[in-house]
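Now for the letters of each chain:
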Amino acid sequence: MSNRPPPPPPPGSQGRTSTPPVGFGPGSSPLAQVQARPLSRASTPGASAGAASARVTSPLARSAVSPGPYPAGIHQAAQHSPRPMASQQMAAAYSAPPPAAVPSAQPGQGGYIVPGATDGITQQMGNMSLGQETYMQPEQTEVLSGRPDLTDLDTAVPEVRLPPGTACVGASACDERVQRVTLGAIPRTDRLLRKTRLPLGLMITPMASEAPEARDIVRCRRCRSYLNPYVTFVDGGRRWLCNLCGLRNDVLLSMDYDKEANMQIDRWQRADLRSAVVEYVAPVEYMVRPPMAPSVVFVVDVSHAAVQSGAAAAASRAARDALQQMGDADGRAQVGVIAVDSSLHFFCIRAGAESQQLVVGDCDETEAWLPAPNDLLVNLRECYAEVDTVLENLPTSGRGGVGCVLGAAIRAAQKMLTTGGRIVTVVASPPTGTAARVDPAATELNSWYKTMAADFARAQIAVDTVFVGSHLGEASVACLARYTGGSVLQYSELVGPETGRAVAEIAHMVSVPVSMESVLRVRASRGLRVSSYYGSFFLRSMDLLALPAAPPAHSFAAEIAIDEPLPPVVFFQSALLHTTAQGERRIRVATLAVPTTDSPHTVFSAIDSRAVATLLAKKAADRVLTARVADAREALMHKTLEIFGAFKTECTKAASGAATQLQSPRSLRMLPLLTLATLRHPALRASSTERPGERTADIAHVLSLPPELLLATLVPRMFSLHDLPPEAGLPDPATGQVVLPPRRGLSAEELSPRGMFLIHGGSDVILWVGRDADRALVHSLLGTTEVRSGIIALPDLSQESGFELNKRVNNIMRQISAMCYQVWAPLIMVCPEDGAPHVRVKLAQRLVEDMDPGAPSYTQLLAQMRDKINRGNF
Amino acid sequence: MSFTALAYILALIMAGILLFGAVYFVIMLTDLECDYINPIDLANTLNTYVMPEMAAHLVMFVVFLLMGEWFTVVINLPLVAWNINKVVNNRQFYDATEVFRTLSKHKQENFFKVAFYLLCFFYYLYSMIMTLVNESTDDIRSGSAY
């Protein structure tokens, strides 16, 4: 996920600029040089050829491979005379993939029946047994009992199996990190979807993987969807059939002929026909203004409470680290700083001169007033040293005042950011003022922040909020982040190693390359409609998400409704038009093809249970925002029961009677555990002592995290450290990635007094040390034999000898951190077996399979589900 | 002309204005659905008219209440109660961030208001004519018309 700056083009060979496509306005500005970027998933050998799409293939190279040239009369501008070719041969060549060294889409290794091809066989076999065709094959269903097998959560995402010939060339399927659908086989009608009670949704993380660059943009005339690997070429290659709306579009000249170099090109080498995820460089028609420069304004609380709690110091360190890590490649980045207590402190920064602090006492929230016309938002490269000094002195710049006029500060920051940008607010006391005042104890939200968020979305300003402490009115202020595409971080207190963690996470949040002034649109085949979206964005229209900032780790979930009966294969295409941190306007397009089916058995056998659990968790978190927590929990449990109940009714023998065991399709066997884990997540945990705003950051995380990260926090990974396999913790020689040890069940039964266990929950890690654990092992891990309850940062002793376990555990933690896109920098909470109670409570919260005051244990949950489904009322 | 007739004339005019207002709301909401305007503009435009509309309707209601036109009061009572309920729960304004969620409900509410104000218009017209006719027959009978 590291966003490297694009490699410089090799001299000579790639010296041509790409042209705007035929049909678009002439006189477009010359675009950036086209650079080939390797695909991250080389799933077919042809992927290496796909990486060369940026280069023009010479006519000699493609002679053996391509479908051959064109009939005389189509492209009059061709310089050399085309070889004559029989018309039916050419028609065959254009409607089928060329006989290249590219294998066609392989059927995946998923565990479900290929839809369409073997539906008949299922029916026949069902027919053979007693004439009943209403139940699934025995190997497809499973009886849920006992302990769940957590290794299921680490398997690859079930690959969507398409009928052969869906993709026009051997294209790599859509990377599941980018787009993931909950049902691998979508019901063809709404009635069937309702019968199965399954949620149909799409999880989109546009910037999750690398994407090859494509040369020119070809779009359908009617539905405006982009050319993708699933189109069909008809009429002898002269027209292409849009797979989303079915319109026959004319093939543009630019697809076959390169005007600049006066050469014919092989259209099959286009990146957007070979790869489902593609990035275009957008021409000037896609910009309303020149691409904006990355700008950041730090709004830091320097009131007495903030300085005392260490928030101001942490913010200043984090900001300095972030500015150091930010890749300011073209020197356009701008930075501003505003310190807030009961008045506003602006900093007039000039290169080479000392910065001045200007204090504005009476601040108005309706109309911002800036004390200086310029020099408040300065170019980072020119004034780096001065900005660094200002940030260093930030904690002492306040007067020790008691209030925090956050509203006025945000207005001022908005005025400073004339072309948009990011505002990073660090808040440690409840906002005061007039309209922006938040009473920490109030349950009603202050709608001023929502109105401001709407204004910000229009001005392309994204707000990231960091809260340090509690009772800060987080619920209201976090609306700023939620509706502008920003992130929310929350720390209860900054003592000891927590400060380092906060600094690292805030610095990462600020410095990660973020896509600015972006819009995301999801298009689907005819008959499908997106009914609601979940995530951190501003909904500008029924299907357009405005994202003033789109961090790479943010994911958007779209719930899909079926309006009309669907064709055999449906497609989802998401397009993100964004400005990169380097100032380029780009469009990231991802297309996903999913088969449809008429049979409920196929639907149930092709479910992606992790995606279903993610979607249900996001819906529940969204409901917590609008209704009460108890409602959200009940709705989630009810939905899970409905799904299993529908399975029982549709697909099992005991359709209406009572069953002795809970039956589940193989694809859904992790769902009860995932539901239980969701109910125990901090965002949804039942709690009688409810402080308003306590859950704000957790809800924001659930709503905006991609499935992999959400699952890492829902179901922690537990490893036993005292019996690590020899290859665990060391890089795998084949892939170079660190091998993770096998996962343990998340129950206190697994904890043995002789052992040491590491429970990695994404954002926090617990190290459990048994009473009789081997002291040498403890020393090898921590550098000391003394084990005390508390939070520590794992020391890095890998350089010294004799700390083998430490080296491995550090590798494991780094690997999991990389899998979680470096969003968190977790500390370790050491929990000895007879340690302090508060630490043991935290441990009990992470052991998902066990009973908890608010939730049953896993076996109890299965029994409850079975009873409720048998009774039929839930 | 008696006070009642005057009140009905004014109510007639007000119902006409409120009818146009409700139609305007419906048009703006359908524009939002078809992506002709964005939710921020919609919220800003519509929120300026929400309270005046409720206030006008409330004034009409109070006038009829004071005049003792009970049937008219009963007809207008549900809408007044609905408006007061919205104000008490602070739900009367359009929120740009949440408007898409409740778009169909808002449209239904405004369609209902269009129908209601239209019927009210014709009812006030009828009542006004009846009041004027009754007055003039009273005048004729009591002889004060000559």
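Procedures and definitions
Residues numbered from 1 in each chain as written. Chains lettered and ligands numbered in written order. Predicted model: local features only at pLDDT ≥ 70, side-chain atom pairs only at ≥ 80, totals over all residues. Heavy atoms only, no water. Helix = DSSP H or I, 4+ residues; strand = E, 2+ residues; numbered from the N terminus. Rg over C-alpha atoms; globule rule 2.2 N^0.38 Å. Buried < 20%, exposed > 50% of the residue type's maximum accessible area, 1.4 Å probe, protein only. Contact = heavy atoms within 4.5 Å. Areas by Shrake-Rupley, 256 points an atom, 1.4 Å probe, with all protein chains shown as cover. Lys, Arg positive; Asp, Glu negative; His and termini not counted. Charge placed at Lys NZ, Arg CZ, Asp CG, Glu CD. Pairing = 2+ DSSP bridges. Axes fitted to C-alpha atoms, helices over the stretch in contact; angles between N-to-C directions. Buried area = accessible area lost by both parts, 1.4 Å probe. Salt bridge = Lys/Arg side-chain N within 4 Å of Asp/Glu carboxyl O. Nonpolar A, V, L, I, M, F, W, Y, C, P; charged D, E, K, R; others polar. Parallel < 35°, antiparallel > 145°, perpendicular 65-115°, else oblique. Left-handed = near helix turned anticlockwise from the far one by under 90°. pLDDT = per-residue confidence, 0-100. Core = buried A, V, L, I, M, F, W, Y, C linked by side-chain atoms within 4.5 Å.

Chemist: Please provide a residue-by-residue account of the overall build of chain B, values included.
Modeler: Check the secondary structure of chain B and you find four helices and zero strands. The order of helices and strands in chain B, counted from the N terminus, is α-α-α-α. For a compact globule of 146 residues, the expected C-alpha radius of gyration is about 15 Å, and chain B comes in at 19 Å, more than 25% above that figure. Along the first, second and third principal axes, the C-alpha set of chain B runs to 65 × 30 × 20 Å. When each of the 146 residues of chain B is scored for burial, the buried share is 41%. Here the contacts in chain B between residues at least 6 apart in sequence split such that 77% fall between residues at least 24 apart. Surface summary for chain B: the accessible area is close to 8200 Å², and the carbon and sulfur share equals 71%. Distance between charge centres in chain B, computed from 7 positive and 12 negative side chains, equals 9 Å.

Chemist: Tell me about the overall build of chain A, and name the residues and values.
Modeler: Counting secondary structure elements, chain A contains 22 helices and 32 strands. Among the 874 residues that make up chain A, the fraction classed as buried is 58%. Taking the intrachain contacts of chain A between residues at least 6 apart in sequence as the baseline, contacts between residues at least 24 apart amount to 76%. About 34600 Å² of surface is accessible on chain A, with carbon and sulfur atoms providing 53% of the total.

Chemist: Before we move on, can you summarise the sheet that holds strand E6 (residues 232-234) of chain A with the specific residues and values?
Modeler: The strands that make up a sheet are held in pairs by hydrogen bonds between backbone atoms, and each pair lies either parallel or antiparallel. All names here are of chain A. A sheet is described by the order of its strands in space; here three strands give the open sequence E6-E7-E8, paired in antiparallel fashion. Each edge of the sheet is formed by a strand with only one pairing partner; in this case those strands are E6 and strand E8 (248-250). Neighbour-to-neighbour, the strand axes of this sheet turn through a mean angle of 35°, independent of strand direction. Relative to strand E7 (residues 239-241), E6 runs antiparallel, the two sharing three bridges. Pairing of valine 234 across the sheet is with arginine 239, part of E7.

Chemist: Now, about the sheet that holds strand E32 (residues 828-832) of chain A: what can you tell me, with residues and values included?
Modeler: Residues and elements named next belong to chain A. In space, the five strands of this open sheet follow the order E28-E29-E30-E32-E31, with mixed pairing throughout. The open sheet has two free edges, formed respectively by strand E28 (717-720) and strand E31 (790-792), since each of these has just one partner strand. Going across the sheet, the axis of each strand differs from the next one's by a mean of 25°, ignoring polarity.

Chemist: Describe the interface of chain B and chain A, with residues and values.
Modeler: Each side of the interface is counted separately: chain B has 14 residues, and chain A has 14 residues. Area buried by chain B at its contact with chain A is led by Ile40, Thr97 and Phe100 of chain B, which between them contribute 43% of it. Where chain B meets chain A, there are five salt bridges. A salt bridge links arginine 458 of chain A to aspartate 41 of chain B; the nearest nitrogen and oxygen atoms lie 2.4 Å apart. Among the elements that line the side of chain B that touches chain A, the one with the most residues is helix H2 (residues 39-67) of chain B, at three residues. For the side of chain B that touches chain A, the class distribution of residues is five nonpolar, three polar and six charged.

Chemist: Before we move on, can you summarise the packing of helix H15 (residues 629-651) of chain A against helix H22 (residues 858-871) of chain A with the specific residues and values?
Modeler: Working note: a packed helix pair is described by the angle between its axes plus the distance between those axes. All names here are of chain A. Between H15 and H22, whose axes approach to 10 Å, the crossing angle comes to 60°. Relative to H22, the element H15 is oriented oblique. Relative to H22, H15 is oriented so that their crossing is right-handed. Contacts between H15 and H22 involve Met637, Thr640, Leu641, Phe644, Gly645 and Lys648 from the former and Leu861, Met865, Lys868, Ile869 and Asn870 from the latter.

Chemist: Mind laying out the side chain of aspartate 608 of chain A, listing which residues take part and the relevant values?
Modeler: Residues and elements named next belong to chain A. Mapping aspartate 608 onto the fold places it in the loop between helix H13 (600-605) and helix H14 (609-626). For aspartate 608, a relative accessible area of 4% corresponds to the buried category. What aspartate 608 contacts, discounting residues up to four positions off in sequence, is Val157, Pro158, Arg180, Val181 and Thr182.

Chemist: Which residues make up the confidence of the model for chain A, and what values go with them?
Modeler: Per-residue pLDDT for chain A averages 81, and the proportion of residues at 70 or more is 83%. Throughout residues 1-134 of chain A the model reports pLDDT below 50, and contacts reaching past four residues in sequence, or to other chains, amount to 178 contacts.

Chemist: I'd love a proper account of unusual backbone geometry, names of residues and values included.
Modeler: All names here are of chain A. Positioned with a positive phi, arginine 197 is a non-glycine residue whose angle comes to about 60°. Looking at where arginine 197 falls in the secondary structure, it is placed in the loop between helix H4 (190-196) and strand E4 (201-204). Within the chain, arginine 224 stands out as a residue other than glycine whose phi angle is a positive 65°. Among the structural elements, arginine 224 can be located in the loop between strand E5 (213-214) and E6.

Chemist: Lay out the nonpolar core with the relevant residues and their values.
Modeler: Residue and element names in this part refer to chain A. With 194 residues, the main nonpolar core has Ile338 and Leu344 as its most contacted residues. Residue contributions to this core peak at 10 residues, all from H15. Residues in contact with isoleucine 338, not counting those within four places in the same chain, are Val297, Phe298, Val299, Val300, Leu344, His345, Phe346, Ala409, Ala412, Ala413 and Met416. Counting residues in hydrophobic clusters, the runner-up holds 41 residues, among them Val337, Leu394, Val466 and Met509.

Chemist: Describe in detail the packing of helix H19 (residues 775-782) of chain A against helix H20 (residues 804-819) of chain A, supporting the description with residues and values.
Modeler: Residues and elements named next belong to chain A. The contact between H19 and H20 brings their axes to 6 Å, and the two run at 55°. Comparing their axes, H20 and H19 come out oblique. Judged by the twist between their axes, the crossing of H19 over H20 is right-handed. From H19, Leu777, Ser780 and Leu781 reach across to H20, where they touch Glu804, Leu805, Asn806 and Val809. For the contact of H19 with H20, the residue count by class is four nonpolar, two polar and one charged.

Chemist: Before we move on, can you summarise the environment of leucine 144 of chain A with the specific residues and values?
Modeler: Residues and elements named next belong to chain A. In this fold, leucine 144 is placed in strand E1 (residues 141-144). Take leucine 144: its relative accessible area is 7%, and that puts it in the buried class. With 253 residues separating them in the primary sequence, leucine 144 and serine 397 have C-alpha atoms 61 Å apart. Leaving out residues up to four positions away in the same chain, leucine 144 has contacts with Phe644, Gln661, Leu662, Ser664, Arg669, Pro672 and Leu862.

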